[in-house]
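Below, each chain spelled out in residue letters.
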Amino acid sequence: MHWTTSHTQTEQIMVIAVDGPAGAGKSTVCRLVAEKLGFIYLDTGAMYRAVAWALLEANIDFENHILLEETLPTLPLKFAIKDKALSITHLEREITEELRMPAITRYASLVSQQPSVRDYLTGWQRRLATTGNIVAEGRDMTTVVFPFAEVKVFLTADLSTRARRRQSDYRRKGITVEYPELLEQIRSRDQADEGRGIAPLRPGEGALILDTSSLDTAEVVHCLLSLVKSKVEEEESLMIR
Ligand code: DC
């Protein structure tokens with residue numbers, strides 16, 4: 001097996017799959033790890049947000065399962081990899097940035113519980129991962145979408161740390177949400193993500209569970225890069241034998 005940044009049919013694409021609850025630091029860490037390795041960074045939460053956005057725009061009731069299943073392939077959404085990151089367009093317009101709005105956050109959590117939405121996006125995610133080495137983050141990367149990923153990590157942190165991190169993220173974007181409200185939002189999202197019947201949030205088999213509560217970004221990035229390095233060394237030593 002041989003990992004490179006350009007691919008021929010004999011070369012293997014490396015997948016780094018990262019899951020974890022809201023505010024565990026997945027996005028920041030995964031973006032940096034991808035940048036350092038020259039890998040694609042895939043934010044699958046943005047894909048669930050985009051479907052929520054498109055369903056709202058089309059005024060589709062996601063609880064009407066038959067209508068939802070019929071509508072999904074016809075939504076004017078496009079997912080593509082541009083400059084090693086996910087680009088999402090709706091009616092040819094780039095919407096990646098708008099998707100972080102709190103109203104979309106709540107709606108995406110509900111929409112992500114629909115099996116047809118999960119199937120639709122799992123297909124997209126696997127297709128996007130055929131284009132190059134990738135760091136994919138979400139809630140079901142290590143369990144459902146990429147259970148055979150070379151590196152699997154479950155990032156977590158205690159609730160108050162995650163709420164504080166989310167508050168700073170919002171502040172940077174000029175959005176004000178009070179801390180108690182944020183705490184409650186994250187708690188209820190945790191319950192929804194962990195308790196749903198399909199693809200519940202949990203670490204995949206063999207995933208390293210990393211509590212980031214008392215770690216800074218650089219330490220978590222270092223830990224992931226060390227994991228990747230030991231994986232590559234392990235594969236290389238197998239090839240020599
Ligand atoms: O990571 P995020 O906050 O952008 O995710 C938005 C919603 O999508 C969140 O409620 C969980 C859901 N999600 C999911 O169910 N599976 C994924 N792979 C990624 C996100």
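As the structure is a prediction and not an experimental result, all values here were calculated from the model.

## Focus on the pairing of strand β4 (residues 85-90)
In step 1: By the criterion of burial, β4 is predominantly enclosed, with five of the six residues buried.
In step 2: Direction of pairing for strand β3 (residues 77-82) relative to β4: antiparallel, over a ladder of six bridges. Opposite Ala80, over in β4, you have Ser87 as the bridge partner.
In step 3: Hairpin connection of β3 to β4: two residues between the antiparallel strands, including Asp83 at a positive phi of 50°.
In step 4: Of the strand pairs in this sheet, β4 and strand β5 (residues 93-94) are connected by two bridges, and their pairing is antiparallel. Across the sheet, the residue bridging to Thr89 is Glu94, located in β5.
In step 5: Two successive antiparallel strands, β4 and β5, enclose a turn made up of two residues, where Leu91 displays a positive phi of approximately 50°.

## Overview of the site of the ligand
In step 1: The environment of the ligand is made up of 15 residues, and the closest members are Arg49, Arg118, Arg139, Asp140 and Arg196.
In step 2: At a separation of 2.8 Å, an oxygen atom of the ligand approaches a polar side-chain atom of Arg118.
In step 3: The protein chains hide 98% of the 450 Å² of surface that the ligand would expose on its own.
In step 4: Tallying contributions element by element places helix α2 (residues 44-58) first for the shell around the ligand, with four residues.
In step 5: Grouping the amino acids of the shell around the ligand by side-chain chemistry returns two nonpolar, five polar and eight charged.

## Here's the deal with helix α5 (residues 115-128)
In step 1: Counted at 1.5 Å a residue, the expected span for α5 with its 14 residues is 20 Å, and the 20 Å between its end C-alpha atoms agrees.
In step 2: By the burial criterion, the buried members of α5 are Ser116, Val117, Arg118, Tyr120, Leu121, Thr122, Trp124, Gln125 and Leu128.

## A short note on the packing of aromatic side chains
The geometry of two aromatic rings is summed up by the distance between their centres and the angle between their planes.
In step 1: Counted according to the given criterion, the structure contains two aromatic pairs.
In step 2: When the ring of Phe79 is compared with that of Trp124, the centres are 5.2 Å apart and the planes differ by 70°; the resulting orientation is edge-to-face. Here Phe79, found in strand β3, pairs with Trp124, found in helix α5; they are 45 residues apart in sequence, far enough to count as distant. Considered together, Phe79 and Trp124 belong to a single accessibility category, that of buried residues.
In step 3: Positioned over the ring face of Trp124 is Arg127, at 4.9 Å from the centre of the ring.

## Considerations on the environment of Val228
In step 1: Tracing the chain through its elements places Val228 in helix α9 (residues 217-240).
In step 2: Separated by 63 residues in the primary sequence, Val228 and Arg165 have C-alpha atoms spaced 26 Å apart.
In step 3: Those residues in contact with Val228, other than ones at most four positions away along the chain, are Met14, Ile16, Leu37 and Val151.

## Here's the deal with the nonpolar core
In step 1: Membership of the largest hydrophobic core comes to 40 residues, with the highest contact counts inside it found for Val51, Leu77, Phe79, Ile88 and Phe146.
In step 2: Considering every element that reaches this core, the biggest residue donor is α2, with nine residues.
In step 3: By size, the runner-up hydrophobic cluster in this structure holds 19 residues, among which are Ala24, Ala34, Leu210 and Val221.

## Observations concerning the packing of helix α1 (residues 26-37) against α9
In step 1: Following both chains from N to C, one finds α1 and α9 inclined at 50°, their axes separated by 9 Å at the closest point. By the angle between their directions, the pair α1 and α9 is classed as oblique. Remark: the crossing between α1 and α9 carries right-handed chirality. Here Thr28, Val29, Leu32, Val33, Lys36 and Leu37 of α1 come into contact with α9, specifically with Thr217, Val220, Val221, Leu224, Leu225 and Val228.
In step 2: A breakdown of the residues in the contact of α1 with α9 according to their chemical character gives nine nonpolar, two polar and one charged.

Conventions used here
- Here the residue numbers are simple positions, counted from 1 along each chain's written sequence.
- With the structure being a predicted model, the display of local features is reserved for residues of pLDDT at least 70 and the display and counting of side-chain atom pairs for 80 or more, all residues being used for whole-chain, interface and lining totals.
- Side-chain calculation: all heavy atoms of the structure are included, whereas hydrogens and water are not.
- With a 1.4 Å probe rolled over the protein chains alone, any residue whose accessible area is under 20% of its type maximum counts as buried; one over 50% counts as exposed, and the rest are partly exposed.
- Numbering goes from the N terminus for both helices and strands, where a helix is a DSSP run of H or I of at least four residues and a strand is a run of E of at least two.
- Two strands are counted as paired when DSSP detects at least two bridges linking them.
- By convention in this text, a residue qualifies as near a molecule or strand provided that one of its non-hydrogen atoms is within 4 Å of it.
- Think of a polar contact as two N or O atoms within 3.5 Å of one another; within protein, one of them needs to be a possible hydrogen donor and the other a possible acceptor, and neighboring residues in sequence only count if both atoms come from side chains.
- Residue burial considers only the protein chains on display, and all accessible areas are found by Shrake-Rupley using a 1.4 Å probe.
- Any residue that is not Ala, Val, Leu, Ile, Met, Phe, Trp, Tyr, Cys, Pro, Asp, Glu, Lys or Arg is counted as polar, Gly included; the first ten are nonpolar and the last four charged.
- Each residue after the first adds 1.5 Å to the expected span of a helix.
- When the centres of two rings from Phe, Tyr and Trp lie within 6.5 Å, Trp using its six-membered ring, the rings pair. Their planes under 30 degrees apart give stacked, over 60 give edge-to-face, and anything left gives tilted.
- Definition used: whenever NZ (Lys) or CZ (Arg) falls within 6 Å of the ring centre and also within 35 degrees of the ring normal, the charge is taken to sit over that ring.
- Here, two residues are considered to be in contact whenever any of their heavy atoms come within 4.5 Å of each other.
- By nonpolar core is meant a set of buried Ala, Val, Leu, Ile, Met, Phe, Trp, Tyr and Cys residues that side-chain atoms within 4.5 Å join together.
- Inter-axis angles, ranging from 0 to 180 degrees, are taken between N-to-C directions of lines fitted to C-alpha atoms, where helices are fitted over the stretch in contact.
- What sets the label is the angle itself: under 35 degrees gives roughly parallel, over 145 gives roughly antiparallel, 65 to 115 gives roughly perpendicular, and the rest give oblique.
- Handedness of a helix crossing follows the sense of rotation of the near helix relative to the far helix, less than a right angle counterclockwise being left-handed and clockwise being right-handed.

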